[in-house]
There are 2 protein chains.
Amino acid sequence: MTFEISTELIEKIKLLVQEKNNAELLLHFEDLHFADIAEILDEISLEEATYIVKLLDSEKTSEALMELEEDVRERILNKLSAKEIAEELEEMDTDDAADIISELSEERAQQVISEMEDEEHAENIVELLRYDEDSAGGLMAKELVRVYEDWTVTGCVAEMRKQAENVTRVHSIYVVDAKEKLKGRLSLKDLLTAKRNAHISDIFIPQVDFVTVHTKGEEVARVMQKYDLEAIPVVDEMNRLVGRVTIDDIVDFIKEEAEKDYQMAAGISQDVEADDNVWQLTRARLPWLVLGLFGGLGSVYIMKGFDEALANFPILFFFTPLIAAMAGNVGVQSSAIIVQGLANDNIKGSLLNRLFKEVGLSLINGTALGLLVMLFGFVVGQEQMVSITVAVSMLSVIIVAALIGTFVPIILDKQGIDPAIATGPFITTSNDIFGIFLFFYLAKLILGF
Amino acid sequence: MTFEISTELIEKIKLLVQEKNNAELLLHFEDLHFADIAEILDEISLEEATYIVKLLDSEKTSEALMELEEDVRERILNKLSAKEIAEELEEMDTDDAADIISELSEERAQQVISEMEDEEHAENIVELLRYDEDSAGGLMAKELVRVYEDWTVTGCVAEMRKQAENVTRVHSIYVVDAKEKLKGRLSLKDLLTAKRNAHISDIFIPQVDFVTVHTKGEEVARVMQKYDLEAIPVVDEMNRLVGRVTIDDIVDFIKEEAEKDYQMAAGISQDVEADDNVWQLTRARLPWLVLGLFGGLGSVYIMKGFDEALANFPILFFFTPLIAAMAGNVGVQSSAIIVQGLANDNIKGSLLNRLFKEVGLSLINGTALGLLVMLFGFVVGQEQMVSITVAVSMLSVIIVAALIGTFVPIILDKQGIDPAIATGPFITTSNDIFGIFLFFYLAKLILGF
């Protein structure tokens, strides 16, 4: 069933645009899903894409525009008049329309809104623009099915049919009182089987999960996942029903969050993609490399402080990359586990317990690895004291790295800072420096140079 | 609205279990959401949890059991008889029930299935067990609303009401022909507004996205996200409608996938959590550390081959952690971007273009970092040839590391291997070795020792 755009189709469409063969073009796009239209728009030139957006019905293109990458959409919107953009927005759900408006310049946003014919729709969009985009208010749509508790079943069905016209998908029916305060929800099944003159107040379900407009997106995602919800009502400070967040917006949110954490762990700031240009990629990557560079130069400095070792135990310097790698790897492992635990909210127990656990874990890993180092030393006929020095320092480095990797994210989180920044280059670099210092310090103690 | 379990509540429940005060316990659990019941079960002892599962209605506990971590659930199920487990399964949707069955030993699974009273439910579960758990067949549930194209609207509504009893949430109504082949879908809105004696064949929508039982979970997730679907029908090899996958299962799937990639990048194999025991964590972490150890020992070996440098340019050895860190960081950045691009299916263009891009990017980053190294050398009064050597080798190392980080995942992906394994320790370790070799090799060329 999966639609695959072929080079032939793209070529065909490009040709038709060139010939301005509108009839044929409309025929080609007639049965296409908006997600596929978006894919086509992404493959053709800006002029061609703009031509098609202007040609097709707003009903079709509005959804396709939402699917496009932000920068592609921005370029196409730039080619449209305020009136044309307003027509697209009329067809969109309020949450999507608000997202588009917030991408425009203030002046142009004003123009577009004033060109909108549906006053109520425009007002709803303006209301959504007030909220932080990572809050429930910023994620929600105004479209929902709302019934009043004093309605009868018959009246309710008639009203609902009207409201459903504006709602793409009816997830839930929410029940409010005369002051618009959220009272509960109504199951479609109960509504269908209830007596026709029963009142909604007799049949609705008073338990309903909800969030407020200020609830953070992260928390909305957590609640919806925990309770397996497909939509959640959003209330304002007065407990009045003002909108709802649907699971599809949350899926995007969860994915973005996961990708951000992943990129942070890999030392990439900002949201970049493989197909971004060299300059965008450099801006995302270079700062972390500079951090790594300073770390490396710090190590140079530390080793200069131990240069007496060069005379007697030059072989120690062969082991610095090993020590640094171990410190880095252990640190990243520990921090990744903690960052994920914090994100999923499943870190339990006291800090002291966690300390014991990390030390215990490090002792096991460090001892196993230390024995391997001793074995290696034995096989290559290395001075035994050197092997012991490397093994012992590696064990210590592993313990310290695990503790840094564990507690730095926990402390950051307690301070309200995103603990994900403590993964990747940040933790590797600081662990490199600590590790190398500890290695030479212990070597000096043990070997006495 | 968010429910938070308090220590008091837990203590209270523990006490009530001890006193066997069933009436009071039932009262406490009456209004709780199953996700919250799961949280409580997770906080109390196994005996207490088993007591509560046996006490409460299967209708309530079956959903709570699904929310538990697999190992906690396994321990509780071990305490239940086959009959008791069968009762829980009767209440579950077929997809959840099949997941539970597949966690049991073969013998016990057989017993449980034979204890089930609802023959049809049992048969459906057995059918689902046939499929790979990462395929659409393994993800789907048998519960759905199906109507035949020759039905009238009136007959359809009556039938649907019957079917809806077994379906927790009606996402879509699927239309099939007499041979059960999927023909399309029906919108609830059209059904409500159609004439009562119209036939379904007159009003259904023939466009419907679907997947087959063998479609991979990853692909199901991609299609559902692309087309913003909340449920997708699943057909068998004969195009017969056999089930549907709902978005909540896909959300879990997307999250698991993202976490798995993240853990791989951090050098953690297997799915572990911060609260797993030391032994589980060691098994997940130690193998990657051993890989790192071999890499480090490989570097020792390489440096031994360049030990003439010790006599004339011992300072070079101070720079090995810097070179290794740069190689590692650049490699992880490149591979993370590619792995994410492959996962999101947005890597376009030829391999040659990608090669040019990575080299260009590395030249920019490497030159900037090289200049910083020169500056550092100048400030600390380092021999200029040494600074030049470090800067030039670092530039080369960055280019090589970026190429390895980019092309190893691409090659793995083409071979059908999960490219995510090429992130983290794997890429860092191999880049460390390549980097250090390249560094000393170039140093030997430039400085001539």
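Here is what the cut-offs are and how they apply
Residues numbered from 1 in each chain as written. Chains lettered and ligands numbered in written order. Predicted model: local features only at pLDDT ≥ 70, side-chain atom pairs only at ≥ 80, totals over all residues. Heavy atoms only, no water. UniProt positions renumbered as here; feature names shortened; annotations may be inferred. Helix = DSSP H or I, 4+ residues; strand = E, 2+ residues; numbered from the N terminus. Rg over C-alpha atoms; globule rule 2.2 N^0.38 Å. Buried < 20%, exposed > 50% of the residue type's maximum accessible area, 1.4 Å probe, protein only. Pairing = 2+ DSSP bridges. Axes fitted to C-alpha atoms, helices over the stretch in contact; angles between N-to-C directions. Contact = heavy atoms within 4.5 Å. Domains from an automatic or database assignment. Least-squares fit on C-alpha atoms with pLDDT ≥ 70 in both. Left-handed = near helix turned anticlockwise from the far one by under 90°. Nonpolar A, V, L, I, M, F, W, Y, C, P; charged D, E, K, R; others polar. pLDDT = per-residue confidence, 0-100. Phe/Tyr/Trp six-rings, centres within 6.5 Å; stacked < 30°, edge-to-face > 60°. Patch = residues over 30% accessible without salt bridge, like charges linked within 9 Å, V, L, I, M, F, W, Y side chains within 5 Å. Areas by Shrake-Rupley, 256 points an atom, 1.4 Å probe, with all protein chains shown as cover. Salt bridge = Lys/Arg side-chain N within 4 Å of Asp/Glu carboxyl O. Buried area = accessible area lost by both parts, 1.4 Å probe.

Under an unreviewed UniProt entry, the name given to chain A is Magnesium transporter MgtE, and the source organism is Croceibacter atlanticus. Per UniProt, chain A has the following entry under Sequence similarities (unreviewed entry): "Belongs to the SLC41A transporter family." UniProt, in its Subunit (unreviewed entry) section for chain A, records the words "Homodimer."

A. Focus on the overall build of chain A. Looking only at helices and strands, one finds 22 helices and six strands in chain A. In terms of overall dimensions, chain A is more spread out than a globule: its C-alpha atoms have a radius of gyration of 30 Å, far above the 22 Å expected for 449 residues. Overall, chain A is about 90 × 65 × 45 Å in size when its C-alpha atoms are taken along their principal axes. A total of 449 residues make up chain A; the buried ones form 53% of that total.

B. Representation of the sheet that holds strand S3 (residues 182-186) of chain A within the structure. All names here are of chain A. Spatial ordering of the open sheet is given by S1-S2-S3, a layout of three strands whose pairing is mixed. Each having just a single partner strand, strand S1 (145-148) and S3 make up the two edges of the open sheet. Mean inter-strand twist for the sheet, computed between neighbouring axes without regard to direction, equals 35°. Relative to strand S2 (residues 173-176), S1 is paired through four bridges, and the arrangement is parallel. Bridge assignment links Val 145 to a residue of S2, and that residue is Ile 173.

C. Structural view of the UniProt feature "domain: CBS" (unreviewed entry) in chain A. Under the local residue numbering, the UniProt record ascribes the feature "domain: CBS" (unreviewed entry) to residues 140-203 and 204-260 of chain A. Strand forms 23% of residues 204-260 of chain A and helix 42%; the C-alpha atoms that close the span are 41 Å apart.

D. The arrangement of the environment of Met 385 of chain B in detail. Residue and element names in this part refer to chain B. By secondary structure assignment, the location of Met 385 is in helix H21 (residues 384-414). Looking at Met 385, the relative accessible area reads 38%, which means it is partly exposed. Once the C-alpha coordinates of Met 385 and Ile 446 are considered, the two residues, 61 residues apart in sequence, prove to be 8.1 Å apart. Residues in contact with Met 385, not counting those within four places in the same chain, are Ile 446 and Leu 447.

E. Up close: the domain arrangement of chain A. Segmentation of chain A into domains returns domain 1 (7-132), domain 2 (145-255) and domain 3 (278-447). Between the C-alpha centres of domain 1 of chain A and domain 3 of chain A the distance comes to 51 Å.

F. Broad picture of the relation of the copies chain A and chain B. In the superposition of chain A on chain B (RMSD 0.3 Å, axial shift 0.1 Å), the rotation amounts to 180°. Here the symmetry operator amounts to a two-fold rotation axis. Relative to the rotation axis, the closest C-alpha in chain A is found at Pro 321 of chain A, a distance of 2.6 Å. Mapped onto chain B, 100% of the interface residues of chain A again fall at the interface, so both copies present the same surface.

G. Seen up close, the packing of helix H7 (residues 82-91) of chain B against helix H9 (residues 106-115) of chain B. Residues and elements named next belong to chain B. Between H7 and H9, the shortest axis-to-axis distance is 8 Å and the interhelical angle comes to 65°. As H7 packs across H9, the resulting crossing turns out to be right-handed. Between H7, through Ala 82, Lys 83, Ile 85, Ala 86 and Leu 89, and H9, the contact on the second element is made entirely by Arg 108, Gln 111, Val 112 and Glu 115. Per-class residue counts for the contact of H7 with H9 are five nonpolar, one polar and three charged.

H. Structural detail: the confidence of the model for chain A. In the predicted model, chain A carries a mean pLDDT of 86, and 96% of its residues have values of at least 70. The least confident element of chain A is helix H13 (residues 188-193) of chain A, whose mean pLDDT is 71; the most confident is strand S4 (residues 211-212) of chain A, at 94.

I. Region of interest: the packing of aromatic side chains. All names here are of chain A. For the structure shown, the criterion picks out 14 aromatic pairs over all chains. Here the aromatic rings of Phe 306 and Phe 440 are separated by 5.6 Å at their centres, their planes lie at 20°, and the arrangement is stacked. Remark: Phe 440 occurs in helix H22 (residues 425-447) and Phe 306 occurs in the loop between helix H17 (278-305) and helix H18 (308-312); sequence separation between them is 134 residues. Given a relative accessible area of 9%, Phe 306 falls into the buried group. Residue Phe 440 is classed as buried on the basis of its relative accessible area of 0%. Plain terms: the ring middles of Phe 317 and Phe 440 are 5.0 Å apart, the flat faces sit at 40° to each other, and that makes the pair tilted. Highlighted residues: Phe 317 in the loop between H18 and helix H19 (320-343) and Phe 440 in helix H22, separated in sequence by 123 residues. For the pair formed by Phe 317 and Phe 440, the shared burial category is buried.

J. Inspection of a nonpolar patch on the surface at higher detail. Residues and elements named next belong to chain A. Together, Met 385, Val 392, Phe 437, Tyr 441, Leu 445 and Ile 446 give the surface a local cluster of nonpolar side chains, amounting to about 540 Å² of exposed area. For the nonpolar patch, the secondary-structure elements that each account for two or more residues are helix H21 (384-414) and H22. Broken down by element, the nonpolar patch gets its largest block of residues, four residues, from H22.

K. Region of interest: the sheet that holds strand S2 (residues 173-176) of chain B. Residues and elements named next belong to chain B. The strand order S1-S2-S3 describes an open sheet built from three strands, whose pairing is mixed. In this open sheet, the two strands that pair with only one neighbour each are strand S1 (145-148) and strand S3 (182-186). With strand direction ignored, the average angle separating the axes of adjacent strands in the sheet is 35°.

L. Quick peek at the side chain of Ser 393 of chain B. All names here are of chain B. If you trace the backbone, Ser 393 turns up in helix H21. Take Ser 393: its relative accessible area is 0%, and that puts it in the buried class. Residues in contact with Ser 393, not counting those within four places in the same chain, are Phe 439 and Leu 442.

M. Quick peek at the packing of helix H8 (residues 94-103) of chain A against helix H10 (residues 119-129) of chain A. Residue and element names in this part refer to chain A. At a minimum axis separation of 9 Å, H8 and H10 run at an interaxial angle of 65°. Every pair of crossing elements has a handedness; the one defined by H8 and H10 is right-handed. Each of Thr 94, Asp 95, Ala 97, Ala 98, Ile 101 and Ser 102 in H8 lies in contact with H10, whose residues at this interface are His 121, Asn 124, Ile 125, Leu 128 and Leu 129. In terms of residue class, the contact of H8 with H10 is made up of six nonpolar, four polar and one charged.

N. Broad picture of the interface of chain A and chain B. Counting from both sides, the interface comprises 111 residues of chain A and, opposite them, 111 residues of chain B. Buried area between chain A and chain B, both sides added, is near 10400 Å², and the carbon and sulfur share of it is 62%. At the boundary of chain A with chain B, the tally comes to six salt bridges. Residue Glu 39 of chain A is joined to Lys 226 of chain B by a salt bridge in which the shortest nitrogen-to-oxygen separation is 2.8 Å.

O. Representation of the pairing of S2 of chain A. All names here are of chain A. The alternating pattern of S2 places Ile 173 and Val 175 and Tyr 174 and Val 176 on opposite faces, both of which are buried. The sheet contact formed by S2 and S3 spans four bridges and is antiparallel. For Val 175, the partnering residue across the bridge sits in S3 and is Gly 184. Taken together, S2 and the strand that follows it, S3, pair antiparallel across an intervening segment of five residues, in which Glu 180 is found at a positive phi of about 70°.

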